[in-house]
Amino acid sequence: MHQYTVPLSQKVPLRLAGELSKRVFFVSEDIESFELVEEKEGETAVVCAVRVTTRAPSDTVQMRSMLNQLVSDDILPQRSVMEHRIWQSSHPVTTHDDTFDRMLDQGIAIPSGEGQLGFGDPFTGLVAHLDEVFRAAAQRSFGALEHRYPSLIPTGVLARSGYLTSFPQFLMFAGRLHGELDSYKGFVKQVSDRDSAEDTDAAVSRALADHSTHSGYTLSPAVCYHVYEQHAGKSLDADLVSVTARGTCFRHESRYHRSLERLWEFTMREVVFIGSENRVAEARNSFMQDVFAIVEELGLAGHVETASDPFFCDAKTAEKIWTQRLMQLKYELLLPVPGGRSVAAVSFNTHGSSLGEAFSIRTPDREIAHTGCVAFGLERFAYAFVCQHGLDPAGWPDAVSRSVQSSGATEASR
Ligand code: ATP
Ligand code: ZN
């Protein structure tokens, strides 16, 4: 291991330390771990350097230049807006410290690659139950139509939505071999003839560089982009259209992956609203109330506050973050997990008319449609649930344990 202390040309105030920490691993794949180094500046502390550990010797000049660029382009321009707490559950915080380790020991969580986990009962039953509760609430309140979409999404749709240039770090593009015999043969030869010291991944990477192309599709990082694409170029036949769907989502979270909280592959239930400005704002706000009631009924501690997305690499990063926080376009439900931390389990988003414009969606009055979405991270939500209520269904609220046990019994009798 090699350690470098990279000094920052411009010091970072502590209020932005979290924003810096969220992005350091995306600066270079060489970084194995890092810590922020603080110093006193007058009465206050600031981040003056980043101490990084790399597996191989690294080009420190380049690392320094990239870290300083990150600080000046994406971190320092962020203005300060106080987080605004709008709701707090009535349940006190209690968490079970070693929940993830016990899930691993009991085979309830099954590691299957970086940022990827398989699951067993009762966790799978819990995820299914929670998903059904969220789906049913959307159907009850808005008559939301249930849809199912593919895991792959045309990359052009992500470009149209702005995702491609706002969050490039997360995207997992689907590649394929050039569709010609010579390419297939060349690929097979390169992979089979590899030097015995070279591992499969390195050989495949090399062969892909020579013989592959982008398929035109990307593993979808969220569900709602499918919905905007479905309505692209159309006029809605109602003031509010609501669609709900569950899908597998993919985000390359670099080394930030962690337990069930942050995965490269996870499941999202989204409820999407498209319609007039008022109806979309109303729908998001009233669905937040539905979710608050669900969290209370599930007996969970938690709160909701304003949030922003981890925009990256775009000259407008800081402006976007500031606008989101100031206009309260995004709220997050934070649920406590062990170690005094909380995880964002649900986000409640409105996008103004930006996606309606990008996808040319109009209201029945021929106005540009507004959009919003509420996104539940099912594994993250269920993980916070077991951290608070334990892994044994006997300790869960009655309605949940009954539903999980009866679905287990139905499965068993099949
Ligand atoms: P975070 O700030 O934690 O990265 P986000 O703001 O990017 O989350 P959204 O894009 O709003 O999250 O996604 C909706 C929900 O999906 C989140 O509230 C969370 O529950 C879940 N989620 C997002 N990213 C992941 C991930 N990498 N692993 C597991 N769940 C995730
Ligand atoms: Zn969404």
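1. Things to note about the nonpolar core
Membership of the largest hydrophobic core comes to 103 residues, with the highest contact counts inside it found for Leu20, Tyr228, Phe287 and Phe381. Residue assignment places this core across two domains, with domain 1 (2-75) and domain 2 (85-168 + 221-412) each supplying three or more. Discounting residues that sit within four places of it in the chain, Leu20 has contacts with Leu8, Val12, Leu36, Val47, Val50, Leu70, Val71 and Ile75.

2. Let's talk about the site of ligand 1
Residues in close proximity to ligand 1 total 17 residues, the closest being Glu253, Leu263, Lys330, Ser347 and Arg380. At a separation of 3.2 Å, an oxygen atom of ligand 1 approaches a polar side-chain atom of Glu332. The backbone of Gly377 places a nitrogen or oxygen atom 3.4 Å from an oxygen atom of ligand 1. Listed by contribution, the elements that provide at least two residues to the shell around ligand 1 are β12 (265-275), β14 (330-337), β15 (341-350) and β16 (370-377). A per-element tally of the shell around ligand 1 places β15 first, with four residues. Of the residues in the shell around ligand 1, the class split is seven nonpolar, two polar and eight charged.

3. So, the coordination of the zinc ion (ligand 2)
Surrounding the zinc ion (ligand 2) are the protein donor atoms Cys224 (SG), Glu270 (OE) and Cys373 (SG), which sit 2.2 to 2.4 Å from the metal. Mapped onto the sequence, the donors of the zinc ion (ligand 2) take the spacing C-x45-E-x102-C. Placement of the pair is Cys224 in helix α9 (residues 224-230) and Glu270 in strand β12, with a sequence separation of 46 residues. There is no split in this pair, since Cys224 and Glu270 are both buried.

4. Some remarks on the sheet that holds β15
Pairing between sheet strands relies on hydrogen bonds along the backbone, with the strands arranged either parallel or antiparallel. Taken together, the eight strands give an open sheet; going across it, the order is β4-β13-β14-β15-β16-β12-β11-β7, and neighbouring strands pair in mixed fashion. Among the strands making up the open sheet, the edge pair consists of β4 (85-88) and β7 (145-147). With direction set aside, neighbouring strand axes in the sheet form an average angle of 25°. Lying on the sheet, helix α4 (residues 123-142) is in contact with β7, β11 (240-250), β12 and β16; it crosses β12 at an angle near 5°.

5. Side note on the domain arrangement of the chain
Partitioning the chain into structural domains gives domain 1 (2-75), domain 2 (85-168 + 221-412) and domain 3 (175-218). The C-alpha centroid of domain 2 is placed 31 Å from the C-alpha centroid of domain 1.

6. Some remarks on empty space enclosed by the protein
Using the criterion set out here, one finds one cavity of 30 Å³ or more in the structure. Residue lining of the largest cavity: Tyr149, Pro150, Ser220, Ala222, Val223, His226, Gly247 and Thr248, and that is the complete set. By residue class, the composition of the lining of the largest cavity is four nonpolar, four polar and no charged.

7. What about α4?
Given a rise of 1.5 Å per residue, 20 residues ought to cover 28 Å, and the 29 Å separating the end C-alpha atoms of α4 matches this to within 8%. Along α4, the residues that are buried comprise Phe123, Gly125, Leu126, Val127, His129, Leu130, Asp131, Phe134, Arg135, Ala137, Ala138 and Phe142. In the stretch just after α4, Gly143 is the one whose phi turns positive, near 60°.

8. Some thoughts on the sheet that holds strand β9 (residues 172-177)
Read from one edge to the other, the open sheet built from three strands follows the order β8-β10-β9, with strand pairing classed as antiparallel. One side of each edge strand has no neighbouring strand; the edge strands of this open sheet are β8 (152-154) and β9. Averaged over all neighbouring strand pairs, the angle between strand axes comes to 55°, with direction disregarded. In this sheet, strand β10 (residues 212-219) lies alongside β9 in antiparallel orientation, the contact comprising six bridges. When the bridges of β10 are listed, Gly175 appears paired with His214. Strand contacts of helix α8 (residues 200-211): β9 and β10, with the helix running at about 105° to β10, the strand carrying the most contacts.

9. Things to note about helix α7 (residues 181-192)
With twelve residues, α7 extends 16 Å between its outermost C-alpha atoms, agreeing within 8% with the 16 Å of an ideal straight helix rising 1.5 Å per residue. Along α7, the positions that sit buried rather than exposed are Ser183, Gly186, Phe187, Gln190 and Val191. Angularly, the buried residues of α7 cover 125° about the axis, an arc narrow enough to put them on a single face. Across α7 from its buried face, at more than 90 degrees, point the exposed residues Leu181, Asp182, Lys185, Lys189 and Ser192. Packing partners of the buried residues in α7 comprise β9 and α8.

What counts and what doesn't
Residues numbered from 1 in each chain as written. Chains lettered and ligands numbered in written order. Predicted model: local features only at pLDDT ≥ 70, side-chain atom pairs only at ≥ 80, totals over all residues. Heavy atoms only, no water. Core = buried A, V, L, I, M, F, W, Y, C linked by side-chain atoms within 4.5 Å. Buried < 20%, exposed > 50% of the residue type's maximum accessible area, 1.4 Å probe, protein only. Domains from an automatic or database assignment. Contact = heavy atoms within 4.5 Å. Near = heavy atom within 4 Å. Polar contact = N/O pair within 3.5 Å; in protein donor to acceptor, adjacent residues only side chain to side chain. Helix = DSSP H or I, 4+ residues; strand = E, 2+ residues; numbered from the N terminus. Nonpolar A, V, L, I, M, F, W, Y, C, P; charged D, E, K, R; others polar. Donors = N, O, S within 2.8 Å, 3.2 Å for Na, K, Ca; no water. Pairing = 2+ DSSP bridges. Axes fitted to C-alpha atoms, helices over the stretch in contact; angles between N-to-C directions. 1 Å grid on protein atoms, 1.4 Å probe; cavity = no way out; pocket = protein on both sides within 12 Å on 5 of 7 lines; lining within 4 Å. Points joined across faces, edges and corners; volume = space filled by probe spheres on them. Expected span 1.5 Å × (residues − 1). Arc of directions from axis to C-beta.

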